[in-house]
Amino acid sequence: MLKPTDIFSFEDSIPISLIRQYCFCPRIPFFYLVYGISPELKPWVEEGLSFHERMSVLQRRRNLSSVRFDEGRFVPHVDVKSELLKFHGRVDGVFFFNSGDICPIEFKLAEKEEIRRAHVLQLSAYALALEEKYCKSIQQGFLVLGKKGKVFGIRIDEQKREDVKKCLEYIKASLVAGLLPESSASERQCCQCEYLNFCADRF
Ligand code: SF4
């Protein structure tokens, strides 16, 4: 069996997408990074990914005119990495305004067009990494939700920055400790989780 403390330290970089997964259940980053378990995606997840790609292409073609960006340039799929906070990822898109402002954009397929904490934290983490990449303060990002692509502007304030850092600390602490975290996931959450087969204490 792998020894988690041999393969993970606080200095290692983690994927930003795991922040969203952590909000769903704190065990998922542990399964993914410590044991390298990456189960086959369930149909609704695959649907989400293909939708995700479609939205990105669609928005790139229309240059986001439907969301009333006046001037600027949309660049899809931008790789980011924070040396300070030790995380990395690929943001769905970045809008570079002619004014000099930079905004990360994330597209999410959701049953309801509602803003979730997990999505806000993920977007905020991308904003922090983009600040480091471009040496520029980022004050706002956008979530594009649902099949209709409803756009929500999200302020990247101090509270969200702190929440991202705390979330990272919790994830890394559980990885370094090498102990499967407790989870308060509901039966409904577990039933739609790709990792259910690996959680022996469920049902
Ligand atoms: S099955 Fe439940 S407890 Fe296990 S990782 Fe998934 S959500 Fe968490």
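Structural notes, computed from the coordinates. All of these numbers come straight from a predicted model, not from anything done at the bench. (Residues numbered from 1 in each chain as written. Predicted model: local features only at pLDDT ≥ 70, side-chain atom pairs only at ≥ 80, totals over all residues. Heavy atoms only, no water.)

1. Observations concerning the side chain of Ser124
Rules: Only DSSP runs of H or I reaching four residues or more are called helices, and only runs of E reaching two or more are called strands; each is numbered from the N terminus. Contacts were defined at the residue level, with two residues in contact if any of their heavy atoms lie within 4.5 Å.
Relative to the elements of secondary structure, Ser124 occurs in helix α5 (residues 117-134). Ignoring any residue separated from it by four or fewer positions in sequence, one finds Ser124 in contact with Ile156, Lys160 and Val164.

2. Some remarks on the pairing of strand β4 (residues 102-108)
Operational definition: Each residue gets one of three labels from its accessible area relative to the maximum for its type: buried under 20%, exposed over 50%, partly exposed in between, using a 1.4 Å probe on protein chains only. Paired strands, as defined in this entry, are two strands with at least two bridges between them according to DSSP.
Within β4, 7 of the 7 residues are buried, which leaves it mostly tucked inside the rest of the structure. Burial of β4 is two-sided: the residues Ile102, Pro104, Glu106 and Lys108 facing one way and the residues Cys103, Ile105 and Phe107 facing the other way are all buried. Inspection of the sheet shows strand β3 (residues 87-97) paired to β4 by 4 bridges, in the antiparallel sense. The residue bridging Phe95 from the neighbouring strand is Cys103, located in β4. From the end of β3 to the start of β4, which pair antiparallel, there are 4 residues, and Gly100 there has a positive phi angle of about 110 degrees. Pairing analysis gives 4 bridges linking β4 to strand β5 (residues 140-145), with the strands arranged parallel. Counterpart to Lys108 in the pairing with β5 is Leu145.

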